[in-house]
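The chain contents come next:
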Amino acid sequence: MITVRQIVGAFCFNGRFAVSFSEVGYLARRTSWPKLAPDFRGQYWLVTGGSGGLGRQMVWTALQAGATVTAVARSPEKLAALGAEASAMGLVGLEVECCDFTSSRDSAAR
Ligand SMILES: NC(=O)c1ccc[n+]([C@@H]2O[C@H](COP(=O)([O-])OP(=O)(O)OC[C@H]3O[C@@H](n4cnc5c(N)ncnc54)[C@H](OP(=O)(O)O)[C@@H]3O)[C@@H](O)[C@H]2O)c1
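Residues numbered from 1 in each chain as written. Predicted model: local features only at pLDDT ≥ 70, side-chain atom pairs only at ≥ 80, totals over all residues.

## Examining the domain arrangement of the chain
Often, the extent of an interface is quoted as the loss of accessible area on bringing the components together. Definition in use: Each domain's limits were defined by an automated method or a database of domain assignments.
Under the domain assignment, the chain is made up of domain 1 (1-33) and domain 2 (44-109). Computed over C-alpha atoms only, the centres of domain 1 and domain 2 are separated by 35 Å.

In structure tokens form, the structure reads like this:
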């Protein structure tokens, strides 16, 4: 049986993190962050896991700031979609490469 004390405890425990580690914290804190205007022209980026998640965001940031980027992942379909999206956005300088990094043979072949 859950007690009132446990409920209050859980609320207090999770409440400490809700602001900092949720979208609320991100939205609240971003207002005080300085605006960044990175210039990556002349740089070459190799982004592993570049077709999804964090890597995909890195690809966009680097391309938009002028870098030449090679995005690497396993799925040729996802990489093709990434390339098509970059073209549609008018972003140049993206190359894609299929590789499974869990395979030493596949990695060495690149
Ligand atoms: N998201 C977070 O909050 C967070 C926090 C801390 C650390 N991390 C770490 O950061 C990394 C990326 O996280 P994420 O959330 O962005 O993951 P994700 O959305 O799943 O993206 C993973 C990317 O890596 C590629 N990939 C997966 N396995 C691969 C393999 N064997 N060889 C080559 N490419 C592979 C995927 O494409 P394919 O499936 O086509 O290969 C995809 O492009 C992970 O190692 C994760 O543990 C994430």
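## Some details on the sheet that holds strand β2 (residues 68-73)
Backbone-to-backbone hydrogen bonds pair the strands of a sheet. The strands run either parallel or antiparallel. We apply this condition: Should DSSP find at least two bridges between two strands, the strands are regarded as paired. Numbering of helices and strands runs from the N terminus, with a helix taken as a DSSP run of H or I at least four residues long and a strand as a DSSP run of E at least two residues long. The axes are straight lines fitted to the C-alpha atoms, using for helices just the contacting stretch, and the angles between their N-to-C directions are given from 0 to 180°. Contact between residues is assigned whenever the C-beta positions, reconstructed from backbone atoms, fall within 7 Å.
Strand order in the open sheet formed by three strands is β1-β2-β3, and the pairing between neighbours is parallel. The sheet terminates laterally at β1 (44-48) and β3 (94-98), the two strands that pair on one side only. Geometrically, the sheet is characterised by an average inter-axis angle of 20 degrees between neighbouring strands, direction not taken into account. Bridge analysis of β2 against β3 gives five bridges, and the strand direction is parallel. Among the inter-strand pairings, Ala71 is bridged to a residue of β3, identified as Val96. Running over the sheet, helix α4 (residues 76-88) touches β2 and β3 and is turned about 175 degrees from β3.

## Here we look at the nonpolar core
In summary, soluble globular proteins display a tendency toward joint burial of nonpolar side chains. Our working rule: Think of a nonpolar core as buried Ala, Val, Leu, Ile, Met, Phe, Trp, Tyr and Cys residues chained together by C-beta atoms that fall within 7 Å. Put plainly, a residue is buried at 20 or more neighbouring C-beta atoms within 10 Å of its own, exposed at 12 or fewer, and partly exposed in between, counting only other residues' C-beta atoms, which are placed from the backbone.
In this structure, Val59, Leu63, Val69, Ala71, Leu82 and Leu94 are the most contacted members of the largest nonpolar core, which totals 14 residues. Where this core is concerned, the elements lending two or more residues are α3 (53-64), β2, α4 and β3. Per-element tally for this core: the top contributor is β2, with four residues. Apart from residues lying up to four places away in sequence, Leu94 is in contact with Leu63, Val69, Ala71, Gly83 and Ala86.

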